[in-house]
Amino acid sequence: MSKLIDGQLFCAMVIEGALSIEEKKEEANELNVFPVPDGDTGTNMSLTMASAKNELSRLTDVDLPTASAKTASALLRGARGNSGVILSLLFRGMSKQLKKCKQANGQDLALALQEGVQAAYKAVMKPAEGTILTVSRVAAQHVVEMCQSNPEIGCAEVLREALRVGHEALAETTHQNPVLEKAGVVDAGGFGFLTVLEGMNDAYNGIHKERVIAEPAAEQKSGATFSDIKDEDITFTYCTEFIAERKDKARNVQRLRSFLNSIGDSLVVVEDDEIVKVHVHTDQPNEALEAGLKFGQLLTVKIENMRQQHSAKIVEEASGLESKARQIAEPEKKYGFVSVAAGDGLVNVFHDLGVDQMVQGGQTMNPSTDDILHAIDAVPAEIVFVLPNNKNIIMAAEQAVPLCESKTVVIIPTKNIPQGISAMLSFDESMEMDENREAMLDAAANVRSGQVTYAARNSDFDGKKIKEGEYLSLLESKLCANSRKLDDAVKKMVRELCKKECSFVNIIYGEDMTEEDAARIEKMVRKEAPEAEVTIINGGQPVYYFIISAEG
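This text gives an overview of the structure that appears in the document.

Conventions used here
- Residues numbered from 1 in each chain as written.
- Predicted model: local features only at pLDDT ≥ 70, side-chain atom pairs only at ≥ 80, totals over all residues.
- Heavy atoms only, no water.
- Axes fitted to C-alpha atoms, helices over the stretch in contact; angles between N-to-C directions.
- Helix = DSSP H or I, 4+ residues; strand = E, 2+ residues; numbered from the N terminus.
- Parallel < 35°, antiparallel > 145°, perpendicular 65-115°, else oblique.
- Left-handed = near helix turned anticlockwise from the far one by under 90°.
- Contact = heavy atoms within 4.5 Å.
- Nonpolar A, V, L, I, M, F, W, Y, C, P; charged D, E, K, R; others polar.
- Pairing = 2+ DSSP bridges.
- Salt bridge = Lys/Arg side-chain N within 4 Å of Asp/Glu carboxyl O.
- Buried < 20%, exposed > 50% of the residue type's maximum accessible area, 1.4 Å probe, protein only.
- Phe/Tyr/Trp six-rings, centres within 6.5 Å; stacked < 30°, edge-to-face > 60°.
- Lys NZ or Arg CZ within 6 Å of the ring centre and 35° of its normal.
- Patch = residues over 30% accessible without salt bridge, like charges linked within 9 Å, V, L, I, M, F, W, Y side chains within 5 Å.
- Areas by Shrake-Rupley, 256 points an atom, 1.4 Å probe, with all protein chains shown as cover.
- Lys, Arg positive; Asp, Glu negative; His and termini not counted.
- Charge placed at Lys NZ, Arg CZ, Asp CG, Glu CD.

1. Examining the packing of helix α4 (residues 81-98) against helix α5 (residues 106-123)
At step 1: Orientation of α4 relative to α5, taken along the N-to-C sense of each, is 135°, at an axis distance of 7 Å. Our classification of the angle between α4 and α5 gives oblique. Like other packed secondary-structure pairs, α4 and α5 cross with a definite hand, here right-handed. Contacts between α4 and α5 pair Ile86, Leu89, Leu90, Gly93, Met94, Lys96, Gln97 and Leu98 from the former with Asp108, Leu111, Ala112, Leu113, Glu115, Gly116, Val117, Ala119, Ala120 and Ala123 from the latter.
At step 2: Looking at the contact of α4 with α5 residue by residue, the class counts come to twelve nonpolar, three polar and three charged.

Right, here's the structure in full:
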């Protein structure tokens with residue numbers, strides 16, 4: 001007779017599943033069709049499962065309901081990327097069934113797999129065939145039907161059959177997704193799910209393999225170390241922001257920009273027919289405000305002493321106040337913001353636009369739900385807007401919403417950095433939450449953007465042969481050009497980006513580029529859009545040499 005699954009065995013199965021995907025994460029990463037460097041599926045699923053492994057390794061003498069609940073909770077908080085979130089949902093659904101059992105038999109296990117699939121499908125707005133969802137659904141459906149016809153079937157056969165049918169379904173994913181079919185590979189998420197299930201099956205059968213696990217990379221810092229920044233590195237003392245009513249519509253905004261630029265830096269000036277919105281770092285905030293008053297009355301004013309803020313941060317670090325335990329800030333204002341970005345320059349841009357908490361992350365390192373949750377907790381506001389700024393981080397951000405009991409959390413599903421910047425610029429403190437949400441969504445939707453990166457591997461994609469190390473330009477996430485020469489890759493993207501009318505163009509250059517490189521790209525932009533206002537930002541971002549956006 002097949003043995004039942006109790007709490008201790010379930011813990012062992014999940015831990016072995018985590019080790020299995022950790023061992024094969026690079027194999028899953030290699031299945032990624034698009035050759036750009038990114039937060040790969042295997043890495044995200046491995047890091048997600050590691051959160052459960054770490055939690056369960058600390059438990060002793062635990063029952064099945066507790067073990068399954070602890071697994072679901074740890075995976076939810078540790079979920080990274082879309083694949084990691086879906087994996088966490090599969091286990092969350094399983095937990096709903098297993099918490100009813102002191103010990104699980106074959107039928108309980110089959111129903112748990114089915115519950116997992118239902119939880120995952122409910123969370124995905126547009127489920128696509130040929131993905132982890134397909135593989136898990138087909139496997140679960142088969143074992144449930146098998147147990148209905150023979151309720152005496154044990155856990156061993158359920159696991160064996162789920163894997164057999166799951167691998168058949170995985171092979172079919174190649175033909176269910178046109179992109180996978182062109183590349184001749186199976187779905188990476190489906191592969192990852194079965195890899196976890198294989199590890200769980202090994203543990204159930206008492207097999208604990210000697211696995212070749214790569215040494216973990218050094219842990220990425222979750223934020224800046226303020227003690228590394230010297231007080232003298234802060235050029236200007238006062239972060240000055242104001243909105244001026246535009247009564248004198250004939251007054252030249254460009255002159256205001258030039259004046260403010262002469263007395264400070266980190267300048268952002270946004271205008272429309274009704275207002276002028278200004279952000280500047282300066283030692284003469286009074287002169288900045290006087291310049292704004294020439295347009296009309298000041299509607300809002302905020303001045304902060306950055307040296308004082310810097311000193312406070314150093315004291316906080318020295319006191320060791322930052323910990324993984326949840327520390328929920330009491331509301332001091334109505335609205336607050338969390339944003340995700342990598343690169344000191346981009347972090348500064350978002351802070352300057354009013355973001356309270358930054359989460360370090362982006363294309364190559366997707367932050368977990370727990371990372372985003374801690375950032376939300378730290379914002380002293382009743383309502384917190386979250387900007388993921390990457391399509392692979394949106395689901396992890398959404399999973400944080402139900403975990404925030406004391407705050408209202410609004411996810412603005414920004415897919416890239418330019419969308420996040422535009423969304424922040426559109427925010428109006430005087431408007432209600434839903435009005436701001438709509439305004440931010442509209443602003444994000446009206447941005448066209450492109451990125452320049454490199455090919456992480458050889459690939460044949462969309463009819464183009466791509467060689468490792470080539471420069472790739474991506475327009476709205478689609479391959480625009482590939483070349484051995486950086487300027488050639490950029491030039492075609494700029495031409496396409498500026499085909500539609502554009503009044504504003506932002507050039508954000510990365511950590512491997514210089515101001516001179518950015519000036520060269522600016523010339524390309526001015527040739528294609530001579531009337532556009534061009535802004536150059538030192539973003540310092542990894543992976544992307546340039547991020548370029550255009551708005552009409």
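Right, picking up where we left off after that structure.
2. A look at the sheet that holds strand β13 (residues 478-483)
At step 1: On the basis of which strands lie adjacent, the open sheet formed by six strands has the order β13-β12-β9-β16-β14-β15 and mixed pairing. In the strand order of this sheet, the two ends are held by β13 and β15 (533-538), each with one partner. Ignoring strand direction, the axes of neighbouring strands in this sheet form an average angle of 15°.
At step 2: Note that strand β9 (residues 448-454) and strand β16 (residues 546-551) share five bridges and pair antiparallel. Opposite Val452, over in β16, you have Phe546 as the bridge partner.
At step 3: The strands touched by helix α19 (residues 515-528) within the sheet are β14 (504-509), β15 and β16, with β14 carrying the most contacts at an inclination of about 155°.

3. Re the pattern of salt bridges
At step 1: Inspection of the entire model under this criterion finds 20 salt bridges.
At step 2: The salt bridge involving Lys70 is made with Glu55; its shortest N-O contact spans 4.0 Å. Placement of Lys70 in helix α3 (residues 64-78) and of Glu55 in helix α2 (residues 41-56) is noted, with a sequence separation of 15 residues between them.
At step 3: Note that Lys499 and Glu496 form a salt bridge whose closest N and O atoms lie 3.2 Å from each other.
At step 4: Salt bridges sharing partners connect three or more residues here, namely Glu55, Arg58 and Lys70.

4. Considerations on unusual backbone geometry
At step 1: One non-glycine residue with positive phi stands out, namely Ser477, at about 70°.
At step 2: Classification of Ser477 as partly exposed rests on a relative accessible area of 45%.

5. A few points about the packing of aromatic side chains
At step 1: According to the stated counting rule, one finds seven aromatic pairs in the structure shown.
At step 2: By way of ring pairs, the aromatic residues Tyr335, Phe337, Phe385 and Phe427 are connected into one cluster.
At step 3: Lys3 extends its terminal NZ or CZ atom over the ring of Tyr204, reaching a point 5.1 Å from the ring centre.

6. Topic: the sheet that holds strand β8 (residues 408-411)
At step 1: The strand order across the open sheet built from four strands is β6-β5-β7-β8, with neighbouring strands paired in parallel fashion. A single partner strand is all that each edge strand has here, and the edge strands are β6 (357-360) and β8. This sheet shows a mean twist of 20° between the axes of neighbouring strands, independent of strand direction.
At step 2: Strand direction decides the pairing type here: strand β5 (residues 333-341) and β6, joined by four bridges, are parallel. Bridged to Val338 within β6 is Gln357.

7. Structural notes on a negative patch on the surface
At step 1: A surface patch of negative charge is lined by Asp428, Glu429, Asp434 and Glu435.
At step 2: As for its position among the elements, Asp428 is in the loop between α16 (417-426) and α17 (433-445).

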